[in-house]
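# Structural overview
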Amino acid sequence: MDSNFTIQNLTSKALVQQFGSPLYVYDEEIIKRQCQTITAALQNSFDQGAKVLYACKANSNPNILKIMRLNGIHGIDAVSPNEIEVALQAGFLNNQITYTANYMTKEEINYAIQKGVILNVGEIDTLKKLIEYKAEVIIRLNLDIGIGHHNHVNTGGNDSKFGINLMWKEQLIEIQKQGVKIIGLHQHMGSKIMKKDHDFYLLGIEKLFQAATQELDLPYLKYIDIGGGFGVKYQEYEEISDLNILFSEIKKLYDKYFINVKPMLFIEPGRYLIAESGYLLCTVQAINTNKQKTFVGTDSGMHHLIRPALYQSYHAIINSEEKQIEPKLVTVCGNICESGDLLGIDRNLKVEVNDVLVVQNGGAYGFSMSSNYNLRERPAEILIRDGQPYIIRKRETLDYLLANIVIL
Ligand SMILES: Cc1ncc(COP(=O)(O)O)c(C=O)c1O
């Protein structure tokens, strides 16, 4: 039987044979395509007046960051000191990195100031700690508008821990008088904004522009950061945003509000740049049928891709081979001791033991959210470049997992 799911002409079965299972595989051509599409669309509306920062929490493998840098991505949005380190190692400069931490420790503040990255601060208490440094900061606002595919990724509104509400605007101005220079405003409303969300999303953008020009007195304003969240298609029926249209709408609002001062616009996509390039390959170990359901048990699971368990996210799953058998309604699961360890519920699949399954759109928030739960190793990561596979992260080992254990 022919293996027929290929990534740059390499069959997934051959990749698993060469590098083992489970495996994360990234197609460099898709990463490049996404970088080029979003930078071109932004430039169409904003010319040189806007920059794309990759929100590297989506996938922080340094090789991925380097690909981004070489394909027109201007900077990195980091959320921890380690992400800053990785961004610097990938060749980004400190002034190309925003540090959008939340609830920063004193050590993190000292580190970020010493590195000279652009601080993005979302709490009044943290701003107060920055007075002694006379720091320059972007302020993360929560303007009561949140969007997202799940409550956990909706980052605006009263249920969100993120950002400063404008009810504190007097305090913001007071802190500015005490020496903290507000050089930018930021808002990230949530993750996976689709075409259907445009009107609401643009309302949020308008609120941010109004805050910058009408609500707050910001003599040092240089940046206006509208966050990330641009969606990709996980299911057939979903409609993604036409970024040319979306950015041109944002530009209209920008021109309406920013008449004298023209701050540089930042966007911070994560998912958009990397989701579609990544595949989680796993192998079916056993198929277990009860009176009602059939479970297709793989050698991967929620420890490698937690999105289905955490957000009930949908990832398309296909068999890497075309099979001449009848399809069955099955639930694809992992090998973790949790009932919620399901990768895909009620899927029509033609599947047998030993088949390699391809979980699609695994590039964003896949490996980066993985864990060692059940003391299991994380998979290797493979980059396909010019038709050749390269290991960009080795499979973990027991020694690696136990490296920090102190036996008493
Ligand atoms: C502040 C901030 N910026 C950008 C992003 C990237 O979001 P997305 O991957 O949906 O583009 C996130 C995601 O959580 C975020 O919290």
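By the naming in an unreviewed UniProt entry, the chain goes by Diaminopimelate decarboxylase and is assigned to Paramecium pentaurelia. Here the chain is described in UniProt, under the heading Cofactor (unreviewed entry), as follows: "pyridoxal 5'-phosphate".

### Considerations on the sheet that holds strand 5 (residues 75–78)
The sheet built from eight strands closes into a barrel, its strands ordered 4-5-6-7-8-9-10-11 with parallel pairing. Geometrically, the sheet is characterised by an average inter-axis angle of 30 degrees between neighbouring strands, direction not taken into account. Lying on the sheet, helix 2 (residues 28–46) is in contact with strand 4 (50–55) and strand 11 (264–267); it crosses strand 4 at an angle near 155 degrees.

### So, the layout of surface pockets
When its volume is computed, the largest pocket comes out at roughly 660 Å³. Surrounding the largest pocket, 32 residues form its lining, Lys57, Thr155, Phe162, His188 and Tyr365 being those nearest its centre. Of the volumes computed, that of the second largest pocket is approximately 210 Å³. Taken together, Arg33, Lys233, Tyr234, Gln235, Glu236, Glu276, Tyr279, Ala316, Gln360 and Asn361 make up the full set of residues lining the second largest pocket. When its residues are assigned to classes, the lining of the second largest pocket shows three nonpolar, three polar and four charged.

### Comments concerning the pattern of salt bridges
Under the defined criterion, the tally for this structure stands at 20 salt bridges. The partner of lysine 256 in a salt bridge is glutamate 206, with the nearest N and O atoms 3.0 Å apart. Linking lysine 256 in helix 9 (residues 243–257) with glutamate 206 in helix 8 (residues 198–215), this pair joins segments that are 50 residues apart in sequence. For glutamate 206, a relative accessible area of 18% corresponds to the buried category. Here glutamate 381 ties to arginine 393 by a salt bridge, and the two come within 2.6 Å at their closest N and O atoms. Linking glutamate 381 in strand 18 (residues 380–385) with arginine 393 in strand 19 (residues 388–393), this pair joins segments that are 12 residues apart in sequence. Each of Lys323, Glu352 and Asp355 takes part in a single network of salt bridges with overlapping partners.

### A word on the site of the ligand
Near the ligand there are 16 residues, and of these Ser191, Gly229, Glu268, Arg271 and Tyr365 occur at the shortest range. At a separation of 2.8 Å, an oxygen atom of the ligand approaches a polar backbone atom of glycine 229. With respect to the ligand, the backbone of glycine 270 contributes an N or O atom lying 2.8 Å from an oxygen atom. Considering the ligand on its own, with 390 Å² of exposed area, one finds that the protein chains cover 92% of that surface. Per-class residue counts for the shell around the ligand are three nonpolar, seven polar and six charged.

### Here we look at unusual backbone geometry
Omega for the bond connecting serine 21 with proline 22 falls within 30 degrees of zero, at -5 degrees, which places this linkage in the cis form. Within the secondary structure layout, proline 22 lies in the loop between helix 1 (12–19) and strand 3 (23–27). Unlike most non-glycine residues, aspartate 144 shows phi in positive territory, near 70 degrees. Along the polypeptide, aspartate 144 turns up in the loop between strand 8 (136–140) and helix 7 (169–177). Aspartate 144 sits in the partly exposed class, given a relative accessible area of 42%. Despite not being glycine, aspartate 386 shows a phi value in the positive range, around 45 degrees.

### Focus: the environment of leucine 42
The residue leucine 42 is located in helix 2 in this model. As a C-alpha pair, leucine 42 and lysine 192 span 150 residues in sequence and 18 Å in three-dimensional space. When sequence neighbours within four positions are dropped, the list of residues in contact with leucine 42 reads Asp47, Ala50, Lys51, Val52, Phe247, Leu265 and Ile267.

### Details of helix 5 (residues 106–115)
Three or more residues of helix 5 are buried, namely Ile109, Tyr111 and Ala112. Taken around the axis of helix 5, the buried residues stretch over an arc of 165 degrees, which confines them to a single face. The exposed set on the far side of helix 5, more than 90 degrees from its buried face, consists of Glu107 and Gln114. The secondary structure elements touched by the buried residues of helix 5 are helix 4 (81–89), strand 6 (97–99), strand 7 (118–121) and helix 6 (124–129). Just beyond helix 5, the residue with positive phi is glycine 116, at close to 75 degrees.

### Describing the side chain of aspartate 355
Turning to its location among the elements, aspartate 355 is positioned in the loop between strand 16 (342–349) and strand 17 (356–359). Filtering out sequence-adjacent residues up to four positions away, aspartate 355 remains in contact with Cys282, Thr283, Val284, Asn319, Glu321, Lys323 and Lys350.

### Considerations on the environment of alanine 90
By the secondary structure assignment, alanine 90 is in the loop between helix 4 and strand 6. Sequence spacing of alanine 90 and isoleucine 183 is 93 residues, and the spatial spacing of their C-alpha atoms is 26 Å.

### Quick word on the pairing of strand 15 (residues 328–333)
In this sheet, strand 15 lies alongside strand 13 (residues 294–298) in parallel orientation, the contact comprising three bridges. Paired with valine 296 across the bridge in strand 15 is valine 332. In this structure, strand 15 lies alongside strand 16, joined through five bridges in antiparallel fashion. Within the sheet, the bridge partner assigned to cysteine 333 lies in strand 16 and is leucine 342.

### Quick notes on the nonpolar core
Core analysis: the largest hydrophobic core is formed by 102 residues, its most contacted members being Tyr54, Leu185 and Phe209. If we ignore the near neighbours within four places in the chain, the residues touching phenylalanine 209 are Ile224, Ile226, Ile250, Leu253, Tyr254, Tyr257, Phe258 and Leu265.

About the thresholds
Residues numbered from 1 in each chain as written. Predicted model: local features only at pLDDT ≥ 70, side-chain atom pairs only at ≥ 80, totals over all residues. Heavy atoms only, no water. UniProt positions renumbered as here; feature names shortened; annotations may be inferred. Pairing = 2+ DSSP bridges. Helix = DSSP H or I, 4+ residues; strand = E, 2+ residues; numbered from the N terminus. Axes fitted to C-alpha atoms, helices over the stretch in contact; angles between N-to-C directions. Contact = heavy atoms within 4.5 Å. 1 Å grid on protein atoms, 1.4 Å probe; cavity = no way out; pocket = protein on both sides within 12 Å on 5 of 7 lines; lining within 4 Å. Points joined across faces, edges and corners; volume = space filled by probe spheres on them. Nonpolar A, V, L, I, M, F, W, Y, C, P; charged D, E, K, R; others polar. Salt bridge = Lys/Arg side-chain N within 4 Å of Asp/Glu carboxyl O. Buried < 20%, exposed > 50% of the residue type's maximum accessible area, 1.4 Å probe, protein only. Near = heavy atom within 4 Å. Polar contact = N/O pair within 3.5 Å; in protein donor to acceptor, adjacent residues only side chain to side chain. Areas by Shrake-Rupley, 256 points an atom, 1.4 Å probe, with all protein chains shown as cover. Arc of directions from axis to C-beta. Core = buried A, V, L, I, M, F, W, Y, C linked by side-chain atoms within 4.5 Å.

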